[in-house]
4 protein chains.
Amino acid sequence: MIIILKPGVEAREVRNLTENLESQGVTVNPVYGTELTILGLVGDTSKIDSSRVEGNRIVERVMYVAEPFKKANRMFHPEPTAVVVQGRKIGGAELAVIAGPCSVESEEQITLVAEEVKQAGAGFLRGGAFKPRTSPYAFQGLAYEGLRLLKHARERTGLPIVSEIMSAHDIEVFADAVDIIQVGARNMQNFDLLKELSQTRKPILLKRGLAATVEEWLMSAEYLLAGGNMQVILCERGIRTFETYTRNTLDLSSILAVKKMSHLPVLVDPSHAAGKWWMVPALSKAAVAIGADGLMIEVHNDPDHALCDGQQSIKPEGFRELMKELRAIAQAVGRQI
Amino acid sequence: MIIILKPGVEAREVRNLTENLESQGVTVNPVYGTELTILGLVGDTSKIDSSRVEGNRIVERVMYVAEPFKKANRMFHPEPTAVVVQGRKIGGAELAVIAGPCSVESEEQITLVAEEVKQAGAGFLRGGAFKPRTSPYAFQGLAYEGLRLLKHARERTGLPIVSEIMSAHDIEVFADAVDIIQVGARNMQNFDLLKELSQTRKPILLKRGLAATVEEWLMSAEYLLAGGNMQVILCERGIRTFETYTRNTLDLSSILAVKKMSHLPVLVDPSHAAGKWWMVPALSKAAVAIGADGLMIEVHNDPDHALCDGQQSIKPEGFRELMKELRAIAQAVGRQI
Amino acid sequence: MIIILKPGVEAREVRNLTENLESQGVTVNPVYGTELTILGLVGDTSKIDSSRVEGNRIVERVMYVAEPFKKANRMFHPEPTAVVVQGRKIGGAELAVIAGPCSVESEEQITLVAEEVKQAGAGFLRGGAFKPRTSPYAFQGLAYEGLRLLKHARERTGLPIVSEIMSAHDIEVFADAVDIIQVGARNMQNFDLLKELSQTRKPILLKRGLAATVEEWLMSAEYLLAGGNMQVILCERGIRTFETYTRNTLDLSSILAVKKMSHLPVLVDPSHAAGKWWMVPALSKAAVAIGADGLMIEVHNDPDHALCDGQQSIKPEGFRELMKELRAIAQAVGRQI
Amino acid sequence: MIIILKPGVEAREVRNLTENLESQGVTVNPVYGTELTILGLVGDTSKIDSSRVEGNRIVERVMYVAEPFKKANRMFHPEPTAVVVQGRKIGGAELAVIAGPCSVESEEQITLVAEEVKQAGAGFLRGGAFKPRTSPYAFQGLAYEGLRLLKHARERTGLPIVSEIMSAHDIEVFADAVDIIQVGARNMQNFDLLKELSQTRKPILLKRGLAATVEEWLMSAEYLLAGGNMQVILCERGIRTFETYTRNTLDLSSILAVKKMSHLPVLVDPSHAAGKWWMVPALSKAAVAIGADGLMIEVHNDPDHALCDGQQSIKPEGFRELMKELRAIAQAVGRQI
């Protein structure tokens, strides 16, 4: 951590700040410039709350040298982490493919899609039971009945289930019903939910927030890890920019940033990123080429009549085709699918 | 609602879609162009889920003519709404000023600041008990003890209290302890929390999300209104842009947009927007000049040692000075303070 | 300037880099941390090209302590600069108001609007002769004939003229025809144009780029100052964000940032920022309240039939009304209009 | 084009607007809703200036149904365009790879890099002679001497040359010296330069602006095409977002958007997008996987001492390695390299 002081600060004030910082266990190295003074901090600065330092009126700015997260940090955990779900690894040489409809609509629908995606090679089934919708008047999901239907689809196909949680109230039900609990983009900084989830031992799929930096995303992962839940899977799903042609802008360089800064596995959701079904296959190929640990893809048997997000869902036959095409790309980058 | 169809769509498919839409209670007017066909929908389109229409493969795009919210919409409720809290109006000619520290730190601190801001003319006391922090290692607030201290400060000063809720678990405690429940920017689309809050009869202060459009913000207000809680106060607090000099970019034109589109009162929080205490007075003046219904300002007796956000807190003497300066601006735009 | 080195860098490499830097006239203070080494540079770092330092493979990151501009920097020029145009100060206690149509359309139009805005109290006349249009098929301005008509309007009213230049080819014509040469947002980083304009002695109105940080904007001003043209006026006109309700997002905090970092005067253009005429009055009031040195407002006698930007132009009577209302705000912040 | 009228508009006003529009050669179909009236325009709306329509006070909003560009539009030119440069196709099955240093620094440097990248399989040589630098104090390029050295490198290697133009003054010199004239991101909306370049018969490489939508990018291409220069190559180089870890955010979905909306070939520049050399190989693979027509990559023999952008340049050996790895990806998507 580096602290830039305001011009014209008195020696006494610098001494006070230095003592205060050193009492928190770090060593302070001052560098006196012609106009400004900077303090270089050496030691474990993760215990120092930078926003408190910035509140000090003699401080101009605080700059991080190392990332402010510890347990998610690759510097202290160089080996990549793989999360194992029902014997399937997420984060290894084999790519994890999660597929299924935006929302569970009926027993027939979810079972049909589950069987289709399994046959095509998907390793996990996704399906929304509780849906975060911008409008209170839009379809909000089948709720607990949706979870029941997902369990039924798992029994039929053996595919582990991923579904999004929207309230800490439901943690027990989810822990019982699903194999991976998804935290959606809008809840990435729902810190209360993160804290409660950090107490479970279920794998968590943490989507990147709509306007979250990679660092903030990793800080949210840190909430889970700090609480003791080490089974964290990240998922890039596009960020908000000024571009309106796509629903969001898929930030594939974030995969490289995550891999550099953290040891956690990271997937890509091209469906929510683009918001256009016809972009999904090409974005999926790019995601595999760049080194993502897997994909999360919306597949629906009848997108024309889907209760949500039909415009970004591909059909089972398209998914089958895509899985074949992905094989060659995976191979070219030393992965399997 | 206007629906643009793909080029080369068959008449039969247009007929099917038209019938489906008309069965939902609207009238469909087709306009046949040389390359494209568009359908103009007349009637109450708020019941039609546009994302479902977009899922249809013959549909190119769906465009809204009217805003997708009803109860928050000024078109159907032309008179501005004022929320009355302990006899004080938010949304009338008199500006509402909410002031206080980022977080409650001790009985002495909160009482002192409460008395100072009251004397300076603030109408409400703010103070965080539960703090949404990016880092799990940062101070998380005094929690229930913080709420107790706030109540004590209210007893001493008579100022109504505003504090942020982070979990639906705490609704009852908040309903009992505070006068206005704040929903923070990071929870603006925590739909589960919004639904539960829509069932209380406490006024809600709904902050704009970090990267939320004004329309999405009003859709979140609609969640509260649709559930029956009509006492909604909006609060602009800056949005995320590429500019890094300020913590966020205060979007004052959003005040004008809200006033045009909605009847709800709207405040401005210059402290979180700028993230720099020395910007707060000038931004406050601009907010009053543009027609905001009030301000939410961080005031701390000792920002150098504040447990959070000291860098954006002004001191009681600065707040006193500001209140005086705001008077002339308020008067110039036909308001009082 | 602070240089963060990669972990595990060899002493020899650090020595090489240090020697290289010190040969450029600065002193290097190393701070050795447990994981990382940082180098604090003391002296005139403006001569050091940070992007070259970042190219060095042992360097992790370069961070600026002081701003990378010199002549535009308030640190080295604490007194605010006023630009004097035909005896009128831009940057003093009196606010500069520039008003007029988006584009010059005819002699009658520009003369009429010039007389109207003069009567209402404007100090300068704006009018586009060369128009930067997104579409090659849109009206591109009357070009040299437009400049001729502007000169004619100046003769009639005595108002100094502001008009946008689009090509270095035209510098001589502009230097002869107008009083202030405007560089539009899209040309803020047209460095060739800036270099050529730095050689003239005409005042330059430099608009902020659509997606430029305040620092980049000041670096573009530095191009003008470094070349010897000290008469630079800045103009905030909104930045691009995800919000689509307004054409751009007016960033009023940038006025405060500019005033802190630089001595140059800065105006606000609410018309281009909002893209909606009905927002212009309130945004203008906010701009004055925050401390802008003046305004640039689009006024058109017949916006319904304007050849460009009619949707953001107010009418002469609206402008007259606004000028009256601005007086009280100006007075409240110690300015005149 | 669809025009939404304000509520409560009089029939007479609608009639006037309708007549005005129909006199411009389109047919107007009104749809009368309960609250709003919309006008659907049928015919060639490319001649109608939407910003003029929006200026009309009875108009609430104008929405495009078809894209506002013609010659760049795939709807009217379904076959993809290939630009042929010295017998090499850009836009065909074979990928175009442009490689070379950020800036030409010396005869040895450019010749060495040219030979290295040729041997590795690059089809074109890039090298900056005129450099757009944020700071006036940074290295600005070798200018005309740089062009001379590039020509020399072409003689030695036979590789066609790409270099960036910064002023319309230099068009003749560039037309003589280089094979493809590059328009940089900061000049994407330098309309004067675009108009002048539309008069040459040299291929133009048009980079996407830092904050340009895909539509605006294609409108800038339209300036070139409308003037008669049909040899336009697009190049995605990242857009500006709130994320600061990378220099820009590479928007790979824009490749898919361009391919859908336009017939023009489109390349990807991963070097400027990421601003980090170690991200270049993986981003290149993703670009090929998604279907880009080629790459533009910065290669420098000694990035530690490069005069600019060393931090984003890979070395010749890294480039060689990358070219090999790209082959398998290209093959997987039906392309060659």
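Residues numbered from 1 in each chain as written. Chains lettered and ligands numbered in written order. Predicted model: local features only at pLDDT ≥ 70, side-chain atom pairs only at ≥ 80, totals over all residues. Heavy atoms only, no water.

Q: How should the interface of chain C and chain D be read in this particular structure?
A: A common way to report how large an interface is uses the accessible area buried once the components associate. Listed as interface residues are 52 residues of chain C and, on the opposing side, 51 residues of chain D. Where chain C packs against chain D, one counts four salt bridges. Along the contact surface separating chain C from chain D lie 26 residue pairs in polar contact (both at pLDDT 80 or more). Elements with a contribution of two residues or more to the side of chain C that touches chain D: α2 (50-55), α6 (191-197) and α7 (214-226) of chain C. Of the residues forming the side of chain C that touches chain D, the biggest block, five residues, is contributed by α7 of chain C. Classifying every residue of the side of chain C that touches chain D gives 19 nonpolar, 16 polar and 17 charged. (Contact = heavy atoms within 4.5 Å. Salt bridge = Lys/Arg side-chain N within 4 Å of Asp/Glu carboxyl O. Polar contact = N/O pair within 3.5 Å; in protein donor to acceptor, adjacent residues only side chain to side chain. Helix = DSSP H or I, 4+ residues; strand = E, 2+ residues; numbered from the N terminus. Nonpolar A, V, L, I, M, F, W, Y, C, P; charged D, E, K, R; others polar.)

Q: Help me understand the interface of chain A and chain B, please; the structure alone is not making it clear to me.
A: Taken together, the contact between chain A and chain B spans 51 residues of the former and 52 residues of the latter. Taken together, the two surfaces of chain A and chain B that pack against each other cover about 4,600 Å², and 48% of this comes from carbon and sulfur. Counting across the interface, chain A meets chain B through four salt bridges. Here chain A and chain B share 26 residue pairs in polar contact (both at pLDDT 80 or more) between them. Of all the elements in the fold, those that place two or more residues in the side of chain A that touches chain B are α2 (50-55), α6 (191-197) and α7 (214-226) of chain A. Of all the elements, α7 of chain A adds the most residues to the side of chain A that touches chain B, at five residues. In terms of residue class, the side of chain A that touches chain B is built from 19 nonpolar, 16 polar and 16 charged. (Buried area = accessible area lost by both parts, 1.4 Å probe.)

Q: I tried to follow the sheet that holds strand β2 (residues 27-32) of chain C on my own but got confused; where do I start?
A: Hydrogen bonds between backbone groups are what pair the strands of a sheet, and the pairing can be parallel or antiparallel. Residues and elements named next belong to chain C. Taken in spatial order, the four strands of this open sheet run β2-β3-β1-β4, and their pairing is antiparallel. The open sheet has two free edges, formed respectively by β2 and β4 (59-63), since each of these has just one partner strand. Neighbour to neighbour, the strand axes of the sheet diverge by 20° on average, direction disregarded. Direction of pairing for strand β1 (residues 2-5) relative to β4: antiparallel, over a ladder of four bridges. The residue bridging Ile4 from the neighbouring strand is Arg61, located in β4. (Pairing = 2+ DSSP bridges. Axes fitted to C-alpha atoms, helices over the stretch in contact; angles between N-to-C directions.)

Q: I tried to follow the domain arrangement of chain A on my own but got confused; where do I start?
A: By domain assignment, chain A separates into domain 1 (2-63) and domain 2 (83-332). The gap between the C-alpha centroids of domain 1 of chain A and domain 2 of chain A is 43 Å. (Domains from an automatic or database assignment.)

Q: Honestly, the state of the cysteines in this entry has me stumped. Any pointers?
A: A covalent bond between the sulfur atoms of two cysteines is what we call a disulfide. Residues and elements named next belong to chain A. Following the criterion strictly, the structure yields four disulfides over all chains and no others. Between the sulfur atoms of Cys102 and its disulfide mate Cys308 the distance is 2.2 Å. On the sign convention where negative is left-handed, the bridge of Cys102 and Cys308, at about -80° about the S-S bond, is left-handed. Taken together, the residues span a long stretch of sequence, with Cys102 in the loop between β7 (96-100) and α3 (107-120) and Cys308 in the loop between β14 (294-298) and α11 (316-332) at a distance of 206 residues. Taken as a pair, Cys102 and Cys308 share a single burial class, namely buried. (Disulfide = S-S within 2.5 Å. Buried < 20%, exposed > 50% of the residue type's maximum accessible area, 1.4 Å probe, protein only.)

Q: Could you clarify how one ought to interpret the pattern of salt bridges in this entry?
A: Here the idea is simple: oppositely charged side chains can pair when their charged atoms come close. The final tally for this structure, using the stated rule, is 72 salt bridges over all chains. Among the salt bridges present, the one from Glu216 of chain D reaches Arg240 of chain C, with a minimum N-O distance of 2.6 Å. With one member in each of two chains, Glu216 of chain D in helix α7 (residues 214-226) and Arg240 of chain C in the loop between β12 (232-236) and α8 (253-261) form a pair that bridges those chains. A relative accessible area of 13% places Glu216 of chain D in the buried class. With relative accessibility at 17%, the residue Arg240 of chain C sits in the buried group.

Q: Explain the relation of the copies chain C and chain D here, please?
A: The operation relating the pair of chain copies consists of a rotation about an axis and a translation along that axis. The two copies are related by a screw motion: chain C maps onto chain D through a turn of 180° and a shift of 0.0 Å along the axis, at an RMSD of 0.0 Å. This pairing of chains is accounted for by a two-fold axis. The rotation axis passes nearest to the C-alpha of Ala211 of chain C in chain C, at a distance of 3.0 Å. Interface overlap between copies: 98% of the residues of chain C at the interface are likewise at the interface in chain D, consistent with a symmetric, same-surface contact. (Least-squares fit on C-alpha atoms with pLDDT ≥ 70 in both.)

Q: When you look at the packing of helix α3 (residues 107-120) of chain C against helix α4 (residues 144-157) of chain C in this model, what are you seeing that I'm missing?
A: Residue and element names in this part refer to chain C. It is the contact of α3 with α4, at a shortest axis distance of 9 Å, that shows an interaxial angle of 40°. As for the relative orientation of α3 and α4, their crossing is right-handed in sense. Across from Glu107, Ile110, Thr111, Ala114, Glu115 and Lys118 in α3, the residues of α4 making contact are Leu149, Leu150, His152, Ala153, Arg156 and Thr157. (Left-handed = near helix turned anticlockwise from the far one by under 90°.)

Q: Just to check I follow, could you spell out the sheet that holds strand β1 (residues 2-5) of chain A for this structure?
A: All names here are of chain A. Taken together, four strands build an open sheet; the order of strands is β2-β3-β1-β4 and the sheet is antiparallel. Two strands in the sheet have a free side with no partner beyond their single neighbour: β2 (27-32) and β4 (59-63). The sheet shows a mean angle of 20° between the axes of neighbouring strands, taken without regard to direction. The strands touched by helix α1 (residues 11-22) within the sheet are β1, β2, β3 (37-42) and β4, with β3 carrying the most contacts at an inclination of about 10°.

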